[in-house]
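Okay, here's what each chain looks like letter by letter:
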Amino acid sequence: MPPIPGSGLAKGLAVTLRTMTKKTVTEQYPEHQPELPPRTRGVIGLFEENCTVCMLCARECPDWCIYIDSHKETVPPAAPGGRERSRNVLDRFAIDFALCMYCGICIEVCPFDALFWSPEFEYAETDIHELTHERDKLREWMWTVPAPPALDAGAEEPKELAAARKAAEKLAAAEAAEAAEAAEAAEAPETKGEES
């Protein structure tokens, strides 16, 4: 059955009339804080310990508003006879929120979970140069990042947690075995002394 001519226009006008008749409510913003969803895109926080200076976030940013500086340091070998390694050390990490369009690409491409969304949105400045947040300021935003949502009841345990749990259980078993051996060794001389 073909649509009736003008039915789309009538549906659109019905939506407009329904919206026009509803009472509008003005939120008194400074006095009453808005109730935002928990995963709101407000400002970006930096977890500096996870940053490996891979530069993916800066390369993928469409606005080129992420500035990263680093230097290389030589790390001594982990085992004797090993070779020295070099690693990048973060000197500067800054985001210019005057340019940022809050697309979230930097957070999505970060392979080491160093960038997170914070729901904070009250960081307006009178000087546009103050909207460039250096790593100290970005680190402060990490305190406002909400915890990730809980896993579904039937979901598999994440691989990272499973590996960490297995390593902890293995370490606990090794420590328990060492303690048992030490207890046996301490009892053995006592029993020999009693026999003689």
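Trainee: Which parts of the structure should I look at to understand the overall build of the protein chain?
Mentor: Along the protein chain, the regular secondary structure elements total five helices and five strands. Ordered by position from the N terminus, the helices and strands of the protein chain form the series α-β-α-β-β-α-β-β-α-α. Taking 2.2 N^0.38 as the reference for a compact globule, 196 residues should give roughly 16 Å; the C-alpha atoms of the protein chain span a radius of gyration of 29 Å, well beyond that estimate. Expressed along its principal axes, the backbone C-alpha trace of the protein chain runs to roughly 110 × 45 × 45 Å. Across the 196 residues in the protein chain, those meeting the buried criterion constitute 20%. Considering only contacts within the protein chain whose residues lie at least 6 apart along the sequence, 71% involve residues at least 24 apart. When the accessible surface of the protein chain is summed, it comes to about 15200 Å², and 58% of that surface belongs to carbon and sulfur atoms. Of the side-chain charges in the protein chain, 20 are positive and 35 negative, and the distance between the mean point of each set is 9 Å.

Trainee: Explain the layout of surface pockets here, please?
Mentor: It is a probe the size of a water molecule, rolled over the atoms, that shows where empty space is left. Of the volumes computed, that of the largest pocket is approximately 380 Å³. Arg39, Leu115, Phe116, Trp117 and Val145 are, among the 15 residues lining the largest pocket, the residues nearest its centre. Residue assignment for the lining of the largest pocket shows that the elements contributing at least two residues are helix H3 (105-109) and strand S4 (115-118). In terms of residue count, S4 provides more of the lining of the largest pocket than any other element does, three residues in total. Of the residues in the lining of the largest pocket, the class split is 11 nonpolar, no polar and four charged.

Trainee: Just checking my understanding: could you explain the sheet that holds strand S2 (residues 66-75) for this structure?
Mentor: Consider a sheet: its strands pair through backbone hydrogen bonds, and that pairing is either parallel or antiparallel. One open sheet accounts for three strands, arranged S2-S3-S5; its pairing is antiparallel. Across the chains shown, the open sheet's two edge strands, defined by having one partner strand only, are S2 and strand S5 (132-133). Inspection of the sheet shows S2 paired to strand S3 (residues 85-96) by 10 bridges, in the antiparallel sense. The partner of Thr74 across the bridge, within S3, is Ser86.

Trainee: What exactly am I supposed to notice about the state of the cysteines here?
Mentor: A covalent bond between the sulfur atoms of two cysteines is what we call a disulfide. For the structure shown, the criterion picks out zero disulfides. We note that Cys51 lacks a disulfide partner, and the nearest cysteine sulfur, in Cys57, lies 6.5 Å from it. The cysteine Cys110 is free of any disulfide, with Cys54 supplying the nearest cysteine sulfur at 6.0 Å.

Trainee: Just checking my understanding: could you explain the packing of aromatic side chains for this structure?
Mentor: Any two aromatic rings considered together are summarised by their centre-to-centre distance and by the angle between their planes. Enumeration according to the criterion identifies five aromatic pairs in this entry. One aromatic cluster in this structure is built from Phe97, Tyr102, Trp117, Tyr123 and Trp141.

Trainee: What should I look at first to understand the environment of Ala167 in this one?
Mentor: Mapping Ala167 onto the fold places it in helix H5 (residues 159-195). Along the backbone, Ala167 and Cys106 are 61 residues apart, and their C-alpha atoms lie at a distance of 32 Å.

Trainee: How should I be thinking about the pattern of salt bridges in this particular structure?
Mentor: Two side chains bearing opposite charge may form a pair once their charged atoms approach each other closely. All told, the structure shown has six salt bridges when counted by the stated rule. Here the residues in one salt-bridge network are Glu157, Arg165 and Glu169, joined through shared partners.

Trainee: Sorry if this is basic, but what is going on with the nonpolar core here?
Mentor: It is characteristic of soluble globular proteins that their nonpolar side chains tend to be buried jointly. Core analysis: the largest hydrophobic core is formed by 26 residues, its most contacted members being Ile44, Ile66, Ile68, Phe93, Ile95, Phe97 and Leu115. Of all the elements in the fold, those that place two or more residues in this core are strand S1 (43-46), helix H2 (56-60), S2, S3, H3, S4 and helix H4 (135-141). Discounting chain neighbours no more than four positions away, the residues touching Ile68 are Val53, Met55, Cys57, Ala58, Leu90, Arg92 and Phe93.

Cut-offs used in this document
- Residues numbered from 1 in each chain as written.
- Predicted model: local features only at pLDDT ≥ 70, side-chain atom pairs only at ≥ 80, totals over all residues.
- Heavy atoms only, no water.
- Helix = DSSP H or I, 4+ residues; strand = E, 2+ residues; numbered from the N terminus.
- Rg over C-alpha atoms; globule rule 2.2 N^0.38 Å.
- Buried < 20%, exposed > 50% of the residue type's maximum accessible area, 1.4 Å probe, protein only.
- Contact = heavy atoms within 4.5 Å.
- Areas by Shrake-Rupley, 256 points an atom, 1.4 Å probe, with all protein chains shown as cover.
- Lys, Arg positive; Asp, Glu negative; His and termini not counted.
- Charge placed at Lys NZ, Arg CZ, Asp CG, Glu CD.
- 1 Å grid on protein atoms, 1.4 Å probe; cavity = no way out; pocket = protein on both sides within 12 Å on 5 of 7 lines; lining within 4 Å.
- Points joined across faces, edges and corners; volume = space filled by probe spheres on them.
- Nonpolar A, V, L, I, M, F, W, Y, C, P; charged D, E, K, R; others polar.
- Pairing = 2+ DSSP bridges.
- Disulfide = S-S within 2.5 Å.
- Phe/Tyr/Trp six-rings, centres within 6.5 Å; stacked < 30°, edge-to-face > 60°.
- Salt bridge = Lys/Arg side-chain N within 4 Å of Asp/Glu carboxyl O.
- Core = buried A, V, L, I, M, F, W, Y, C linked by side-chain atoms within 4.5 Å.

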